[in-house]
Amino acid sequence: MIFVDACFGKQTPYTPVWMMRQAGRYLPEYMAVRAEAGSFLDLCHNPPLAAEVTLQPVDIVGVDAAILFSDILVVPNEMGMKLDFVAGEGPVFADPITSKADIDALLGGKEAAERLTYVYDTIRLIRSSLSSDKALIGFTGAPWTLATYMIEGQGTKTYNVVKKLIYTDPELMHSLLAKVTEVVKYYLEMQIQAGADVVQIFDSWAAALEKSKYFEFSWNYMKEIAGYIKAKYPHIPIIMFPKGIAGYLDDIDGDFDVFGVDWSTPMALAKEKLGDRYVLQGNMEPCRLYSKEATKECVASIAQTMKDGRHIFNLGHGILPDVPVENAQYFVKLCQELSRRD
Ligand code: CP3
C-alpha cells in the first residue's frame, strides 16, 4: 500500500493524498445516504451505510486512503454521556461532567470500548470492499479534545469551563483524562483488529492550552496511547494531529510515525523542527479549495518544500461543506501528479 509505505517514510511512486473530513456534506452522494439514514448518529450506527459513505471519496475524488466514517464523540457517548447533534449548533452533551462522581459513573476501559461494535463492523465492511492497494484510516479524538467536549458540553470559544478545572482542580482533570485514555487505547486496538491499516489521533483543541499545560494535559496522553499501540502493532502507522501548536514543535517527541501539520503551521517550519524524525502530513488551508488557482499555488509550494522530504498530502484541517467537488478532485489529482517520481 502506497499510503502505508509513505507513512513509514519509504520511497513511493508519488506522494499519496487524502483530505480530513473527506466523507461529508460537500458530496451530494453523502447527502443522499445521510437522508436515507436519518440523523448523523443514525448514520454512524449503521455499518452498511457508514461503509458506503467512507468509500465515496475514494471512488469520486480519487484519494489514496479511506477514513472510517464515524465521529470522535461516539467514545464519550458509549462511556455513558447522552449525545445529540443539533442542526446549526454541532454536538451537544446535555449533562456535562462536573464532579468526581460524574467521572466515576462513566463506563471505562475495555467495557466501554467493546460497546462500539458498530464501528468495528463498519471497518470490517469497508475493508472487504476497499481495493487492497488503498489504506483504511481508523481514528480517535485525543483525550484532551474529548474531555473538553465532555466538560464544556459543546463547542466553546473560550474553553473557560475546562480551563477553570485545569487551574483549580488539576487532579480531577487528570482522572478524567486517564479514564478516557484507557478507553481510547482499547478503542484503537479494536479498530486495528477489525482491519484499520493506519490510525490518526485528532487533537482539534490543542491550541487552547499554553505550552506547559499542553504537554501536561494533552500531549503526554497522546504519547501514552501511541506508545501502547506501537508496542503491540509496530506495523500500523500512527498519525498525530494536534491542531495549531506551531510554537510548541521543539518539544514534540514520542513513538509515532506521521505528524499532521495544520494549515496555520508553515510546512517549512514543521520540516525544520520535525522532518528528520517524522513523516509530515498536510497542510493546505482548506479554504483554498474554493479556488483552483489558490489550490495550485499552495500544492506547488508544499511540493517544493517537501520535495526531498517524507510527506503525505492533506488539507491542514477538514474540508468545508460548500466546496465544489470538482475542486477537491482537482486538488487530489494535482498532488498525485506534481509529486510523481517515475
Ligand atoms: O471524513 C472524515 O474525516 C471521517 C469522518 C469524521 C467526522 N468527524 C464526520 C462528521 C471525522 C474524522 C470526524 C472527527 C471530528 N468530529 C473532530 C476532529 C477533527 C476536526 O475537525 O477537528 C471533531 C472536533 C468532531 C466533532 C464534530 N462532529 C463537530 C464539531 C461536528 C459538527 C460540526 C459540523 O461540521 O457540522 C461534527 C459532525 C460531523 N462529523 C459531520 C461529519 C460528516 C457533519 C454531520 C452531518 O452530516 O450533519
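Residues numbered from 1 in each chain as written. Predicted model: local features only at pLDDT ≥ 70, side-chain atom pairs only at ≥ 80, totals over all residues. Heavy atoms only, no water.

Engineer: I'd like a rundown of the side chain of K185, residues and numbers included.
Structural biologist: Topologically, K185 is positioned in helix α11 (residues 170-194). For K185, a relative accessible area of 10% corresponds to the buried category. (Helix = DSSP H or I, 4+ residues; strand = E, 2+ residues; numbered from the N terminus. Buried < 20%, exposed > 50% of the residue type's maximum accessible area, 1.4 Å probe, protein only.)

Engineer: Lay out the environment of T12 in plain terms, naming residues and giving numbers.
Structural biologist: Note that T12 resides in the loop between α1 (2-7) and α2 (28-37). Since its relative accessible area comes to 8%, T12 is described here as buried. As for T12 and R310, which are separated by 298 residues in sequence, their C-alpha atoms are 9.8 Å apart. Aside from chain neighbours lying at most four places away, what touches T12 is I2, D5, A6 and R341. (Contact = heavy atoms within 4.5 Å.)

Engineer: Could you give an account of the site of the ligand, with specific residues and numbers?
Structural biologist: Taken together, 22 residues surround the ligand, and among them R25, Y30, D71, S204 and H317 come closest. The separation between an oxygen atom of the ligand and a polar main-chain atom of A23 is 2.9 Å. The fraction of the free accessible surface of the ligand (880 Å²) that becomes covered by protein chains is 87%. Sorting the residues of the shell around the ligand by element identifies α2 and β3 (90-93) as the ones contributing at least two each. Grouping the amino acids of the shell around the ligand by side-chain chemistry returns 13 nonpolar, five polar and four charged. (Near = heavy atom within 4 Å. Polar contact = N/O pair within 3.5 Å; in protein donor to acceptor, adjacent residues only side chain to side chain. Areas by Shrake-Rupley, 256 points an atom, 1.4 Å probe, with all protein chains shown as cover. Nonpolar A, V, L, I, M, F, W, Y, C, P; charged D, E, K, R; others polar.)

Engineer: If you had to explain the pattern of salt bridges to someone new, which residues and values would you point to?
Structural biologist: Scanning the entire structure with this criterion turns up 17 salt bridges. Between R115 and E78 there is a salt bridge, with its nearest N and O atoms 3.2 Å apart. In this pair, R115 sits in the loop between α7 (109-114) and α8 (117-129) while E78 sits in helix α5 (residues 74-78), placing the two residues 37 residues apart along the sequence. Here D121 and R124 are joined by a salt bridge, their closest N and O atoms 3.0 Å apart. Of this pair, D121 and R124 are both found in helix α8, three residues apart, which corresponds to roughly one turn of the helix. Taking relative accessible area as the criterion, D121 reaches 34% and is therefore assigned partly exposed. Overall, the relative accessible area of 46% leaves R124 in the partly exposed class. Through salt bridges with shared partners, a single ionic network connects E182, K185 and E224. (Salt bridge = Lys/Arg side-chain N within 4 Å of Asp/Glu carboxyl O.)

Engineer: Describe the sheet that holds strand β5 (residues 198-203), listing the residues and the values that go with them.
Structural biologist: The strand order across the open sheet built from seven strands is β1-β4-β5-β6-β7-β8-β9, with neighbouring strands paired in parallel fashion. Only two strands of the sheet have a single partner each, and these edge strands are β1 (65-67) and β9 (311-312). Note that strand β7 (residues 258-260) and strand β8 (residues 279-281) share three bridges and pair parallel. By the bridge assignment for β8, V258 is matched with V279. (Pairing = 2+ DSSP bridges.)

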